[in-house]
Amino acid sequence: MGAGFVGLAVAWALSLKDPNLRITIFDEGDFASGGAGRNGSGYRLQWSRDFNIHLAKDSLEVFENCESLLDYAGGVELRQIGYLILAHSPEAMEVLKQSVETQRRFGVPSEILTPSECNGIQPGLRLDGLQGGSFCWMDGTASPFKWLDALNRAVLRAGAVVHWRRKVTGITPRNGTYRVSLADGEINAAKVVICTDWALPELLEPLGIDLPIAREMKGALITEAFGRVVNTVLMAKRSGIGIKQLDRGNVIITRSRGDNFKDYEANAWRNWLTGCASAATELLPALRDVAVLRQWDGYISLTPDMQPAFGETEIKGVYAVVSAYKGFMLSPQLGRIMADIVTDGSSDHIAASPLALSRFKSGKLVPEALTI
């Protein structure tokens, strides 16, 4: 269930593991109509935990070789323009320093920068209060639409069947298999993999499976196209803002909307837009005269430690994956790990144990210091 980045990546990896599998995928929306179509397009290797670094490096290898691995002409518009993560407090700067030490142990070419060095990479930064930053040239952006299209085409070539606009309404265990109910019928399945992210509880709770999955609104805006101003991907933990400029000149800015915004609050988008514009221009004043073309929202999944979670649930043969807002950038490797778990019963990837679903009950949470 779910034909976003993770769902299709799992299906693709399963088809590679065993070409004889019969794989059927259901999604309640259209292609890229969910979170995949509202993605900010960034990926990075700059994390504080070893397993996140490995997940990101392994996934980047797939993005870099997408054209050959998925037979997708032209690739996914990979742009390794770097991520510049800014710290505006001594505490945030210390987190960056410790994280870079970890990253470099695993071969990530990140580095700590002084405020003037940050301004050298991104001229025009407001330096007031800036303690410094970290930078990795291998980070950057890719096209979420092309990545999703590459996955979709690959699973179809492998013989999988993708059903758009068909919502799964329930799962019922039946003599070692599962009856999957839909609004317009039902099918039987030997195994079920749920990749509906923040909507996981809707299908799991009727089965008696309680996972602490929540959601939060994330907002984004895009500006008119103009001359090159943003040289890299800018991230600031203090404001929770991300800024990047596309090749065609438009700037995309992302920022969490937070729990205080309701879905249909009359002025919510105006309040968010004002706060986002203020945070962006405070960081990079050159943006202040640029016109906004449009703004959009989308839900992201939340876990108690804001880390992905995956594996077999308490019911044998029922599996679940939640991305915790890392679905696009980690989907290639999340798909491979889940394919191993579904077909072999386990995965030897370094992330498989710490990010297992069981950690929520055991209390062995693994927070990520560089979640922004």
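The present account deals with the structure reproduced in this document. In this convention, every chain numbers its residues from 1, walking through the sequence in written order. In view of the model being predicted, local features appear only for residues whose pLDDT reaches at least 70, and side-chain atom pairs are presented and counted only at 80 or more, with totals across whole chains, interfaces and linings using the full set of residues. Excluded from the side-chain calculations are hydrogens and water; all other atoms, namely the structure's heavy atoms, are used.

### Topic: the packing of aromatic side chains
Each Phe, Tyr or Trp ring, with Trp reduced to its six-membered ring, pairs with another whose centre is within 6.5 Å; inter-plane angles below 30 degrees give stacked pairs, above 60 give edge-to-face pairs, and intermediate values give tilted ones. Under the counting rule described, the total for this entry stands at six aromatic pairs. Considering the side-chain rings of Phe31 and Trp164, the 5.9 Å spacing of their centres and the 75° angle between planes classify their relative orientation as edge-to-face. Taken together, the positions of Phe31 in the loop between β1 (24-27) and β2 (42-43) and Trp164 in strand β7 (residues 161-164) put the pair 133 residues apart, joining distant regions of the chain. Assessed through its relative accessible area of 33%, Phe31 is described here as partly exposed. For each residue, the accessible area found with a 1.4 Å probe, counting protein chains only, is set against the maximum for its type, and the residue is called buried under 20%, exposed over 50%, and partly exposed in between. Trp164 gets classed as partly exposed once you look at its relative accessible area, which sits at 22%. Members of the aromatic cluster, each reached through a chain of ring pairs, are Phe5, Tyr43, Phe63, Trp147 and Phe328. Its guanidinium or amino end placed over the ring of Trp47, Arg44 lies 3.8 Å from that ring's centre, counting from NZ or CZ. A run of H or I in DSSP counts as a helix once it spans at least four residues, and a run of E counts as a strand once it spans at least two, with each numbered from the N terminus. When the NZ atom of lysine or the CZ atom of arginine is within 6 Å of a ring's centre and also within 35 degrees of its normal, the charge is said to sit over that ring.

### So, the nonpolar core
Nonpolar cores were defined as sets of buried Ala, Val, Leu, Ile, Met, Phe, Trp, Tyr and Cys residues, with membership established by side-chain atoms within 4.5 Å. The biggest cluster of nonpolar side chains holds 67 residues, and the ones touching the most others in it are Ile25, Leu70, Trp147, Val155, Phe310 and Met338. The set of elements that each furnish at least two residues to this core consists of α1 (5-17), α2 (50-64), β3 (83-87), α4 (90-105), α6 (144-157), β13 (233-236), β18 (318-322) and α9 (327-344). Not counting residues within four places of it along the chain, the set of residues in contact with Leu70 comprises Trp12, Val62, Trp147, Ala150, Leu151, Ala154 and Arg157. Counting 24 residues, the second largest nonpolar core, distinct from the first, contains Phe26, Val168, Leu182 and Leu357. Any two residues having at least one pair of non-hydrogen atoms within 4.5 Å are treated as being in contact.

### Points about the side chain of Ser41
Tracing the backbone shows Ser41 in the loop between β1 and β2. Since its relative accessible area comes to 7%, Ser41 is described here as buried. Filtering out sequence-adjacent residues up to four positions away, Ser41 remains in contact with Gly140, Thr141, Ala142, Pro144, Lys244 and Phe328.

### A word on the sheet that holds strand β10 (residues 185-189)
Pairing between strands is defined by DSSP: at least two bridges between the two strands are required. Strand order in the open sheet made by the three strands is β8-β9-β10, with antiparallel pairing throughout. Of all strands in the sheet, those with a lone pairing partner are β8 (168-174) and β10, marking the two edges. Sheet twist, expressed as the average angle between the axes of neighbouring strands with direction ignored, equals 20°. Two strands pair when backbone bridges link them, and β8 and strand β9 (residues 177-182) are joined in this way by six bridges, in the antiparallel orientation. Of the residues in β9, the one forming a bridge with Pro173 is Tyr178. Axis angles are defined between N-to-C directions and span 0 to 180 degrees, where every axis is a line fitted to C-alpha atoms and, for a helix, only to the segment in contact.

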